[in-house]
Amino acid sequence: MLPMSQPAAPPSAELRTQLLWDVFCRVIDNYGDVGVLWRLSAALAARGEQVRLWIDDASALAWMAPGATEGRWPGVQVRAWNDASDSSVCAALDHADVWIEGFGCEIPAGFVAHFAGRVRAAPGGRPPVWINLEYLSAQAYVERNHGLPSPVLHGPAQGWTKVFYYPGFTPLSGGLLRNAFATIPVAPDDDHTHVPRQERRVSLFCYEPVALAACIKGLGQEQGATRLLVTHGRAAQAVRQLLAQAAFQRPANVAVEFLPPLSQHQFDALLGACDLNLVRGEDSLVQALWAGKPFIWQAYPQSDAAHRDKLAAFLDWFQADAAVRELHHAWNGFSQPPDAAVWAQTLADHGGRWTRQVQAARQRLLGLDDLPTQLRRLVAKSR
């Protein structure tokens, strides 16, 4: 198995000074927030930075990053969100050089008041570089808004400035997080499932797609055996509910295996070892791109259907062909699921067209600096 931490590129001369970063995370649902912000914290630590991750629910880290909450991850301290409002806790802390608000979560007012007071009281006191890290999107507003300043107009930090920071897929955005396999041309067979390679491997990490039944039937129309590797949580619940329906008959050549909770490293390895990846949300989309294998992405469903535009923008950037677009639209509930034969034809990746699209997108991304590198450059210029 490869090391759990991400390998760090040698820092450039402008980035060699170790800084202290406070990263704030509120877990909304589905662990996407903690997934991204933990990955960012670990990546910064791997580059020699010191990080305090303030989080309101660290339970997912028990399997996502074993040892993190016990302090066994060099460079990262996991701190309880509520402690950030405790003046006695704050008084014992060093003043951080950088504050990151993950996805618009607001830093606790007591924390801001304490350190703003400390900065103002100290001769030559320097405010932290304050970054509002936004959600990932390929939509046009990302390039328009990335890096814009937002003056703080009220409260103890009045007069300071936040910076809106947008991860993205283009040179005018903030870049993406990478995993340990991002620069490996062919990911290793390390998914901890011990599946014989004569079986086709398909990973499933999803919400509750309406096209799930059609997809599984389509997999069954392929010659040879397929093993559907179902991740823990909502994906497993959706598959179990489908298999329990009397009207649904699982194809005989499609085996279903339910996986235990996986660490981020294990999940990344799983994507690299599969022939097709069905992923959801922000973090797994990025890791599916690094895996370089055909994938279908399920965007986080929003009540106002805003995810339709988000999906369309991503598919445009990805330069998806008509067949891949059709599967994505169906998987996200924006069109009726094609019949099993249509699924089977595209999922088989005849001629490797889908694989070539993924590999081309991956190469475009490898030409950009990653998110931690760009953040550190921003901080260096702002101090």
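Here, the structure is the one placed above.
These lines cover the structure that appears in this document, whether it is placed above or below.

1. Comments concerning the environment of V76
Considering the arrangement of structural elements, one finds V76 in strand β3 (residues 76-80). By relative accessible area, which is 4% here, V76 ends up buried. Those residues within four positions of V76 in sequence are excluded, and the remaining contacts are W38, S41, A42, A45, V51 and L53.

2. Some thoughts on the side chain of S203
Its location among the elements puts S203 in strand β8 (residues 200-204). Residue class for S203 comes out buried when judged on its relative accessible area of 2%. In terms of polar contacts, S203 uses its side chain to reach the side chain of N277, at 2.6 Å. Once residues lying within four places of it in the same chain are set aside, the contact partners of S203 are L229, L270, L271, C274, L276, N277 and L278.

3. Points about helix α6 (residues 212-220)
Counting buried positions along α6 gives seven out of nine residues, so the element sits mostly inside the fold. Along α6, the residues that are buried comprise L212, A214, C215, I216, G218, L219 and G220.

4. Here's the deal with the pattern of salt bridges
A full pass over the atoms with the stated rule returns 13 salt bridges. Measuring nitrogen to oxygen at the nearest pair gives 2.7 Å for the salt bridge that ties R52 to D22. Of the two residues, R52 is situated in strand β2 (residues 50-55) and D22 in strand β1 (residues 20-25); the sequence distance between them amounts to 30 residues. D22 carries the same exposure label as R52, and that label is buried. The shortest N-O distance in the salt bridge between D56 and R26 comes to 3.5 Å. Residue D56 is located in the loop between β2 and α2 (61-64), and its partner R26 is located in the loop between β1 and α1 (32-46); the two are separated by 30 residues in the primary sequence. With a relative accessible area of 39%, R26 lands in the partly exposed category. Salt bridges sharing partners connect three or more residues here, namely R39, D268 and D283.

5. Observations concerning the nonpolar core
Core analysis: the biggest nonpolar cluster contains 61 residues, and L204, F295, F314, W331 and W343 have the highest contact counts within it. Considering every element that reaches this core, the biggest residue donor is helix α9 (residues 281-291), with six residues. The residues contacting L204, other than those within four sequence positions of it, are L212, L228, L229, V230, T231, A235, V239, L278 and W331. Counting 35 residues, the second-largest nonpolar core is a separate cluster that includes C25, L37, V51 and A60.

6. Overview of the packing of aromatic side chains
Centre-to-centre distance and the angle between the planes together describe a pair of aromatic rings. According to the stated counting rule, one finds 21 aromatic pairs in the structure shown. When the centroid spacing of 6.1 Å and the interplanar angle of 10° are considered together, the rings of F24 and W54 count as stacked. Of this pair, F24 sits in strand β1 while W54 sits in strand β2; the two residues are 30 residues apart in sequence, bridging distant segments of the chain. A residue is classified by how much of its surface remains accessible, and F24, at 0% relative accessible area, is buried. Seen in terms of ring centroids, F169 and F314 are 5.6 Å apart; in terms of plane orientation they differ by 55°. Their pairing is tilted. A residue pair is termed long-range when its members are at least 10 positions apart, and F169 in the loop between β7 (161-165) and β8 and F314 in helix α10 (residues 306-318) qualify at 145 residues. Given the relative accessible area of 1%, F314 is considered buried.

7. Here we look at the packing of α1 against helix α14 (residues 371-382)
Between α1 and α14, the least distance of the axes is 10 Å, while the angle of their chain directions is 70°. Here α14 runs roughly perpendicular to α1, going by the angle between their axes. The handedness of the crossing between α1 and α14 comes out as right-handed. Within the contact between the two elements, α1 uses L40, A43 and L44 and α14 uses L371, P372, L375 and R376. Of the residues in the contact of α1 with α14, the class split is six nonpolar, no polar and one charged.

8. Some remarks on the pairing of β2
Counting buried positions over the six residues of β2 gives five, a clear majority of the element. Taken together, the six bridges between β1 and β2 define a ladder with parallel strand orientation. When the sheet's bridge partners are listed, W21 is paired in β2 with V51.

Here is what the cut-offs are and how they apply
Residues numbered from 1 in each chain as written. Predicted model: local features only at pLDDT ≥ 70, side-chain atom pairs only at ≥ 80, totals over all residues. Heavy atoms only, no water. Helix = DSSP H or I, 4+ residues; strand = E, 2+ residues; numbered from the N terminus. Buried < 20%, exposed > 50% of the residue type's maximum accessible area, 1.4 Å probe, protein only. Contact = heavy atoms within 4.5 Å. Polar contact = N/O pair within 3.5 Å; in protein donor to acceptor, adjacent residues only side chain to side chain. Salt bridge = Lys/Arg side-chain N within 4 Å of Asp/Glu carboxyl O. Core = buried A, V, L, I, M, F, W, Y, C linked by side-chain atoms within 4.5 Å. Phe/Tyr/Trp six-rings, centres within 6.5 Å; stacked < 30°, edge-to-face > 60°. Axes fitted to C-alpha atoms, helices over the stretch in contact; angles between N-to-C directions. Parallel < 35°, antiparallel > 145°, perpendicular 65-115°, else oblique. Left-handed = near helix turned anticlockwise from the far one by under 90°. Nonpolar A, V, L, I, M, F, W, Y, C, P; charged D, E, K, R; others polar. Pairing = 2+ DSSP bridges.

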